[in-house]
Amino acid sequence: MTANQVFLVHSQLKDSNPDRSEFALQFTKTQDVLRQEPYRLDLNTASTEQLFTETDLPFHAEFWILKDRQSGQFLGRISANLSNPHPQYGFLGFFEAVDFSAAQALIFKALDWLKAMGASIALGPINLYTWLPYRFRVKSDGPTFGFEPVHPPEYPLWFQEIGFQSGYGYHSDGLDGLESMVESTESDYKNALSLGYSFRIWNSSVFFEQEVPKLYEISMNSFQKNDFFVPIGFNFFRELYSPLKHKPLDLSLSLFICNSEGKDVGFFFNFLDSGYSVMKTIALLTEARGLRLSNALIHASFKEAFARGVNQSVAALIRDGLQSESYSKKQKKIWRNNYEIFKINL
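So, here is what we can say about the structure in this document. Quantities reported herein were computed from a predicted structural model and do not represent experimental measurements.

In this section: the pairing of strand E12 (residues 312–319). Each regular strand shows side chains that alternate between the opposite faces of the sheet. Counting buried positions along E12 gives six out of eight residues, so the element sits mostly inside the fold. Looking at chain direction, strand E7 (residues 165–176) and E12 are connected through six bridges and run antiparallel. Bridged to Gly174 within E12 is Val314. Where strand E11 (residues 276–284) and E12 come together, three bridges link them in parallel fashion. By the bridge assignment for E12, Val278 is matched with Val314. Crossover handedness for the path E11 to helix H10 (residues 293–307) to E12: right-handed.

Glancing now at the nonpolar core. Counting 79 residues, the largest nonpolar core has Leu123, Tyr129 and Phe207 as its most contacted members. Examining the composition of this core, we find that seven residues originate from one element, H10, more than from any other. Apart from residues no more than four positions distant in its own chain, Phe207 is found in contact with Trp202, Val212, Leu215, Tyr241, Leu244 and Leu251. In this structure, Phe7, Leu92, Ala102 and Ala103 belong to the second largest nonpolar core, which totals 29 residues.

Along the polypeptide, Val9 turns up in strand E1 (residues 5–11). On the basis of relative accessibility, which here comes to 47%, the residue Val9 falls in the partly exposed class. For the pair formed by Val9 and Phe63, sequence separation is 54 residues and the distance between their alpha carbons is 5.8 Å. Contacts of Val9, omitting those with residues within four sequence positions, involve Phe23, Glu62, Phe63 and Trp64.

To locate leftover empty space, one rolls a probe as large as a water molecule over the atoms. If you add up the space inside the second largest pocket, you get close to 230 Å³. Around the second largest pocket, the lining residues are Pro38, Tyr39, Leu41, Arg137, Val138, Thr144, Pro149, Val150, His151, Pro153, Pro156 and Leu157. Along the lines of polarity and charge, the residues of the lining of the second largest pocket split into nine nonpolar, two polar and one charged.

A word on the packing of aromatic side chains. For the structure on display, the rule yields 38 aromatic pairs. Ring centres of Phe256 and Phe267 lie 6.5 Å apart, and the angle between their planes is 70°; on these two criteria the pair is classed as edge-to-face. Of the two residues, Phe256 sits in strand E9 (residues 255–258) while Phe267 sits in strand E10 (residues 264–273), which places them eleven residues apart along the sequence. Across the pair, Phe267 and Phe256 agree in class, each one buried. Sitting above the plane of the Phe208 ring, Lys245 keeps its charged end 4.9 Å from the centroid.

Here we come to the environment of Gly118. Relative to the assigned elements, Gly118 resides in the loop between helix H3 (100–116) and strand E5 (121–124). With a relative accessible area of 52%, Gly118 lands in the exposed category. Sequence-wise, Gly118 and Gln88 are 30 residues apart; in three dimensions their C-alpha atoms are separated by 6.7 Å.

The rules behind these values
Residues numbered from 1 in each chain as written. Predicted model: local features only at pLDDT ≥ 70, side-chain atom pairs only at ≥ 80, totals over all residues. Heavy atoms only, no water. Buried < 20%, exposed > 50% of the residue type's maximum accessible area, 1.4 Å probe, protein only. Helix = DSSP H or I, 4+ residues; strand = E, 2+ residues; numbered from the N terminus. Pairing = 2+ DSSP bridges. Right-handed = clockwise from strand over helix to strand, strands pointing away. Core = buried A, V, L, I, M, F, W, Y, C linked by side-chain atoms within 4.5 Å. Contact = heavy atoms within 4.5 Å. 1 Å grid on protein atoms, 1.4 Å probe; cavity = no way out; pocket = protein on both sides within 12 Å on 5 of 7 lines; lining within 4 Å. Points joined across faces, edges and corners; volume = space filled by probe spheres on them. Nonpolar A, V, L, I, M, F, W, Y, C, P; charged D, E, K, R; others polar. Phe/Tyr/Trp six-rings, centres within 6.5 Å; stacked < 30°, edge-to-face > 60°. Lys NZ or Arg CZ within 6 Å of the ring centre and 35° of its normal.

This is the structure we're talking about:
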């Protein structure tokens, strides 16, 4: 940090701090000031961003804003927190910086704090936990979608220059041949019907009132064994879908699967974007596992998409090496975007 740089810092504590809302507002404003086109795609609204940084958290966290001492100009921001289930890991998130000098000051500040808190490995970028945006986009052959990490290309380069290395890899595949997926999953769809399962489209007219609570219940159950899973409250979860209020999606390809008693036991978040059918999230309750119901959901949704003339899809944000990569193997890959969580030993 240079003599002309100064940190504003705010501990994320559970007690009531009179400056808490003001700091959260300034933290949010930092991104709004520093982000330039074309890297402003689908940024959170100010109210959503402030909620994410102001809410009480079930783990230790700290937030910093870097400013120019003389002009008051925003130079960057960063957060650091311990991972709740794995306290040896620390996360760096909400990263923004005007240049490499600011990036160094912010990252080193956060790393020193994590080390003092007992973490031995730092991972980033992860905005508090994996419910919020995480990963850098590091290599791209395909187009940009709103669900992807969006940031200036120098951000991952700065992390690497400081000493971060590859930690966890992810990818999105652009695929051609939706019809082949419809055909290969038809038997699983018919089997689900024979077992009494049915499918229903997400109800857009009561989405936030009636559908989001069901998405919450299924998600909390389905993702428990995911890396760095942390349960979150319903109000926080509901806010994750708030972009749909400002940029509505056609949800007619997104489905719930219901058992013979009419209970929703799984969902498929699938939507159209730029001519692609985007496979965003599949989740099933534990009780519904092992029956190939994920394939049944894919069939029901893709069959409708294909009937509308769509024959390309995106397998979105898949962890490298996971079972879900098999979806890519059933279609012709036409492009791949790669993402990374970086790590560094403390």
